[in-house]
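Tertiary structure, described
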Amino acid sequence: MLGRVLGDSLDWLRRMRRSQHTDQEIAFLLQEAASGTAIATICATAHVSIGTFYRWRRRFGGLSPAGVTRLGDVERENARLRSEVMSLRQALLASASAGRERGSPPRATPMPGSAGPATGFRGGHASVGRYAGLRTAT
């Protein structure tokens, strides 16, 4: 049931329209605009709207076609590393929950640099600055 629900919620992603232009073609069109060709002319010949052109410009900036290829490689590597971190985190959480099930009590670690007991918020050990009067230890 859960897999079916998740599959249905991601169905829109599979139906999304893919770009008719490769990243290198987009970079070439952006270079044409930088060289002085009118943006309306570029958009008409590429069959894209002016809004799409400016979205490409915001995404790719002044990258060359080689830079766009490198950007794609970095994005793919970033996605792979994120999924690896998520799988490692899930494994760590699973091992921690298995340790709690065996009877070991959860450890309470004080915040680094705090002399007293940890307060309930981040940075509670250093109540200085603009909102120091509003912070109270609970």
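In this text, all values refer to a predicted model and were calculated from it rather than measured experimentally.

Criteria and cut-off values
- Residues numbered from 1 in each chain as written.
- Predicted model: local features only at pLDDT ≥ 70, side-chain atom pairs only at ≥ 80, totals over all residues.
- Heavy atoms only, no water.
- Helix = DSSP H or I, 4+ residues; strand = E, 2+ residues; numbered from the N terminus.
- Buried < 20%, exposed > 50% of the residue type's maximum accessible area, 1.4 Å probe, protein only.
- Contact = heavy atoms within 4.5 Å.
- Areas by Shrake-Rupley, 256 points an atom, 1.4 Å probe, with all protein chains shown as cover.
- Expected span 1.5 Å × (residues − 1).
- Arc of directions from axis to C-beta.
- Phe/Tyr/Trp six-rings, centres within 6.5 Å; stacked < 30°, edge-to-face > 60°.
- Core = buried A, V, L, I, M, F, W, Y, C linked by side-chain atoms within 4.5 Å.
- Axes fitted to C-alpha atoms, helices over the stretch in contact; angles between N-to-C directions.
- Parallel < 35°, antiparallel > 145°, perpendicular 65-115°, else oblique.
- Left-handed = near helix turned anticlockwise from the far one by under 90°.
- Nonpolar A, V, L, I, M, F, W, Y, C, P; charged D, E, K, R; others polar.

On to the overall build of the protein. Assigned secondary structure in the protein consists of six helices and zero strands. The order of α-helices and β-strands along the protein, N terminus first, is α-α-α-α-α-α. Looking at the protein as a whole, 15% of its 138 residues are labelled buried. In the protein, 39% of the contacts between residues at least 6 apart in sequence involve partners at least 24 apart. When the accessible surface of the protein is split by element, carbon and sulfur atoms take 58% of a total near 11300 Å².

So, about helix 3 (residues 23-34). If you check helix 3, its first and last C-alpha atoms are 16 Å apart, about what twelve residues at 1.5 Å a residue would give, namely 16 Å. Listed in full, the buried residues belonging to helix 3 are I26, A27, L29, L30 and A33. For helix 3, the angular spread of buried residues about the axis comes to 160 degrees, placing them on one side. Where helix 3 ends, the next residue or the one after it, G36, has phi of about 120 degrees, a positive value.

With that settled, the discussion passes to the packing of aromatic side chains. Within the structure shown, the criterion is met by one aromatic pair. Ring geometry for F53 and Y54: centres 5.7 Å apart, planes at 80 degrees, overall edge-to-face.

This part is about the environment of L63. Of note, L63 is situated in the loop between helix 5 (50-60) and helix 6 (65-101). For L63, a relative accessible area of 32% translates into the label partly exposed. Those residues in contact with L63, other than ones at most four positions away along the chain, are A27, V68 and L71.

Next up on the list: the nonpolar core. One recurring pattern in soluble globular proteins is that nonpolar side chains are buried together. Core analysis: the biggest nonpolar cluster contains 14 residues, and F53, W56 and F60 have the highest contact counts within it. Of all elements in the fold, only helix 3, helix 4 (39-46) and helix 5 reach the threshold of two or more residues within this core. Sorting elements by how many residues they give to this core places helix 3 first, with five residues.

Here H21 shows up in the loop between helix 2 (11-15) and helix 3. Once you skip the residues sitting within four places of it in the chain, H21 turns out to touch I26, A46, V48 and W56.

Another aspect to go through is the packing of helix 3 against helix 4. The N-to-C vectors of helix 3 and helix 4 enclose an angle of 155 degrees; their axes lie 9 Å apart at closest approach. By the criterion of interaxial angle, the relationship of helix 3 to helix 4 is roughly antiparallel. Classified by chirality, the crossing of helix 4 by helix 3 is right-handed. Counting all contacts with helix 3, which are made through L29, E32 and A33, the residues of helix 4 involved are I39, I42 and A46. A per-class count over the contact of helix 3 with helix 4 returns five nonpolar, no polar and one charged.

So, about unusual backbone geometry. Excluding glycine, residues mostly carry a negative phi; peptide bonds, for their part, are mostly trans. Positive phi is not limited to glycine here, since H47 has a value of about 60 degrees. Structurally, the position occupied by H47 is in the loop between helix 4 and helix 5.

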